[in-house]
Amino acid sequence: MAQAQLPLDTPLSLPEHPKAWKWYDYFTFNVDHKVIGIQYLVTAFIFYLIGGLMAVAMRTELATANSDFIDPNLYNAFLTNHGTIMIFLWIVPAAIGGFGNYLVPLMVGARDMAFPRLNALAFWLNPPAGALLLASFLFGGAQAGWTSYPPLSTITATTAQSMWILAIVLVGTSSIMGSVNFIVTIWKMKVPSMRWDQLPLFCWATLATSLLALVSTPVLAAGLILLLFDINFGTSFFKPDAGGNVVIYQHLFWFYSHPAVYLMILPIFGIMSEVIPIHARKPIFGYWAIAYSSLAICCVGLFVWVHHMFTSGTPPWMRMFFTISTLIVAVPTGVKIFSWVATLWGGKIRLNSAMLFAIGLLSMFVLGGLSGVTLGTAPVDIHVHDTYYVVAHFHYVLFGGSVFGLYAGIYHWFPKMTGRLLNEPLGIAHFVLTLVGTNLTFLPMHELGLKGMPRRVAMYDPQFEPINVICTIGAFVLAFSVIPFLINVIWSWNKGKVAGDNPWGGLSLEWTTSSPPLIENWEVLPVVTKGPYDFGGIVHRPVMDEDDDEDE
Amino acid sequence: MQGTVESQETRGVIDHHHEHPDFRVLGLLVFLISESLMFGGLFAAYLLLRGLNEQWPPEGTEVELLVPTINTIILISSSFVIHYGDVAIKKDDVQGMRKWYWITAAMGLVFLAGQVYEYLNLGYGLRTNIFSNCFYVMTGFHGLHVLIGVLLILGVLWRSRRPGHYSAHQHTGVAMAEIYWHFVDVIWIILFTLLYILTRF
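This is a predicted model, so every value here is computed, not measured.

(A) Representation of the interface of chain B and chain A. Tallying the contact residues gives 31 residues for chain B and 34 residues for chain A. Looking at the side of chain B that touches chain A, the elements with two or more residues in it are helix H1 (7-19), helix H2 (24-52) and helix H5 (130-159) of chain B. When its residues are assigned to classes, the side of chain B that touches chain A shows 16 nonpolar, 11 polar and 4 charged.

(B) Structural detail: unusual backbone geometry. With omega at 5 degrees, the peptide bond leading from A:Pro150 into A:Pro151 counts as cis. Residue placement: A:Pro151 occurs in the loop between helix H4 (126-135) and helix H5 (152-155). Of note, the bond from B:Trp56 into B:Pro57 is cis; its omega dihedral lies within 30 degrees of zero at -5 degrees. Mapped onto the secondary structure, B:Pro57 falls in the loop between H2 and helix H3 (66-90). Phi angles above zero are rare outside glycine, and A:Asp386 is one such case at about 60 degrees. A tally of 14 C-beta atoms within 10 Å means that A:Asp386 is categorised as partly exposed. Phi is positive for A:Asn521, close to 75 degrees, though the residue is something other than glycine. Tracing the sequence through the fold places A:Asn521 in the segment after helix H15 (465-495). A count of 23 C-beta atoms within 10 Å places A:Asn521 in the buried class.

(C) Quick look at helix H3 (residues 116-124) of chain A. Residues and elements named next belong to chain A. The complete set of buried residues in H3 reads Asn119, Ala120, Ala122 and Phe123. Here the buried residues of H3 occupy an arc of 155 degrees about the axis, which is enough to place them on one side. Check the buried side of H3 and you find it contacts helix H1 (33-62), helix H2 (72-108), H4 and helix H6 (158-188).

(D) The arrangement of the packing of helix H7 (residues 201-232) of chain A against helix H9 (residues 287-300) of chain A in detail. Residue and element names in this part refer to chain A. At a closest axis distance of 9 Å, the pairing of H7 and H9 adopts a crossing angle of 10 degrees. Taken as axis vectors, H7 and H9 run roughly parallel relative to one another. On the side of H7, the interface is formed by Leu201, Trp204, Ala205, Ala208, Leu211 and Leu212, while H9 contributes Ile290, Ala291, Ser294, Leu295, Ile297 and Cys298. Per-class residue counts for the contact of H7 with H9 are 11 nonpolar, 1 polar and no charged.

(E) Molecular detail of the UniProt feature "transmembrane region" (unreviewed entry) in chain B. All names here are of chain B. Per the UniProt entry, the sites bearing "transmembrane region" (unreviewed entry) are residues 25-49, 69-88, 100-117, 137-158 and 179-198 in this numbering. Summarising residues 69-88: 100% helix, 0% strand, and an end-to-end C-alpha distance of 29 Å. Helix makes up 100% of residues 100-117 and strand makes up 0%, while its end C-alpha atoms are separated by 25 Å.

Definitions and limits used
- Residues numbered from 1 in each chain as written.
- Chains lettered and ligands numbered in written order.
- Predicted model: local features only at pLDDT ≥ 70, side-chain atom pairs only at ≥ 80, totals over all residues.
- Contact = placed C-beta atoms within 7 Å.
- Helix = DSSP H or I, 4+ residues; strand = E, 2+ residues; numbered from the N terminus.
- Nonpolar A, V, L, I, M, F, W, Y, C, P; charged D, E, K, R; others polar.
- Buried ≥ 20, exposed ≤ 12 C-beta atoms within 10 Å, placed from the backbone.
- Arc of directions from axis to C-beta.
- Axes fitted to C-alpha atoms, helices over the stretch in contact; angles between N-to-C directions.
- Parallel < 35°, antiparallel > 145°, perpendicular 65-115°, else oblique.
- UniProt positions renumbered as here; feature names shortened; annotations may be inferred.

Right, here's the structure in full:
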């Protein structure tokens, strides 16, 4: 209707769009998926720094066997909130909210997500949740660890614990809204010219992640609501003296929180499947194997949760069942790892920061996966349960896996998001510091755990002190590793080398638009003529620097 | 499809619409999967607690059957009533839709009133014992969903005051309120079975 007023010589009847957002648009209830993606990434990174400072405080405390740096109650609060923030406000929102929102519509050739306003709402639930967690320190901070098992959670720092529950319910709601959005967007909004086997693997991973979040998050919400009633309204769902049962909480909690591990790693696997072929200049090995293995992890991952509860009086048949199902998850995960290795094999590898982090992830995640397999078997798990072995394992998965992957993703798509390349020497320094720091911090923890040092405590047997000192030094290295990254991002965002539309010679649709992409992504929607990984064969020459990359 | 003179402009509008398609009904269905799992978690917790306790429900906290049975009949019938509203709007009969939706909203409110009446006359409260914990949290949580459903229906009624807001071809809001209402109804049937029928028989 409005178009009727346009002058007759208007070439296309598409409405006029402003070309770019202003800086202040990023602080508003903006419905553009790209703005929301950046909002997620930046907010999540701020929480990463906060959670990281908590970790540094804890490691400083643990440098000596006695409690001499911070008060043990504060230690507990840091412990609880470090885990909570890193999971719920850094990795999940950065991976799914940040990269998912930014990339999925660009990759499938859509102008936005299916429900843009719902998307903005989902993001804006995150800052209040984080504020609630931080404000809970005024009431002593939740003390019961990120798992918040009753009875500990029902008797310690109850106000702070209630705030913790509300914060988790908020981010959970956000996560469900996001999942609905991703599922409908990927399912329905591909450009018509894109076949399912041309869907980038990051989208497959996001789809699997969203399905998993959709069915598991509400169960956690149910458990937390019951816990909230127990704390505040005098019910006794989890109080054994009045007919309740604590193990029920553990079931409800882990039914979400084990899949949460996959929520944190599946999108990262998606990032890997984009970064590795593009920088190895080779078609991905086993497209369908990788796509289906995401869905397989999503399905099997729903039936492994009891391996966190082998010491909760679990009957033997259950231990048997869940040991087997846990080991089965290693199969689709292994399929991915081998596919990436096979993609790298004989490729023309560019060892830039993104690729370094991706290869770093491969090696770190294999270590985390192997310790995961040992932990998944009931006999070993019962021996090392609640020791530093577990801490070592999940930090190899979540730091060596997820965080490395997030960094790889940032180095890879930063040029698309800002139009400028990140500085390579700084990126390599960042990578080296991170890799050294990770192994210095977490590798010795395996030994601590096997020797029996319990996790979650501020004081420990002095015989463990020397190894703990190594871990603490590693934690400081990790803390310092963020500095070159921050300098790099801030400097490059303003002054970095101009990237152009397609600096890496990518074939997926996000590289067909400008950097940063227009509002509404394209003037005219692109047409898919080849798959996202069809490197080689017919020589593809993207517009890019000549000094780099000849396709074979 | 369109006349040739205005074709370019019209196509622009259609293309634009095509690139921002409306998937709200699908989105709601996907969301309801999530909602069912939330109730699923509560049901699972309830069944486990039931299995772990010797006597269920404990002495003195038996449920009452008369009012809840009437309530159940009202809620199930309301699902048929709201469907008549859907049939009406598909025939472009906005007034008919409004009539059926008013009746549904009223039935929902009667259900909620019955629930409150039941709470007030039970003789035990939320904190009495583990069964009453479950009973009040689960029915209360469901009641909250009924309230949301009623609000959705009232929202549809509010919007439908404007002529032409809903028509035979454009009534996503009407359809969504109906789907949600059916969902609330199904959850109630499971709840009624678990909490009432299976504790009395």
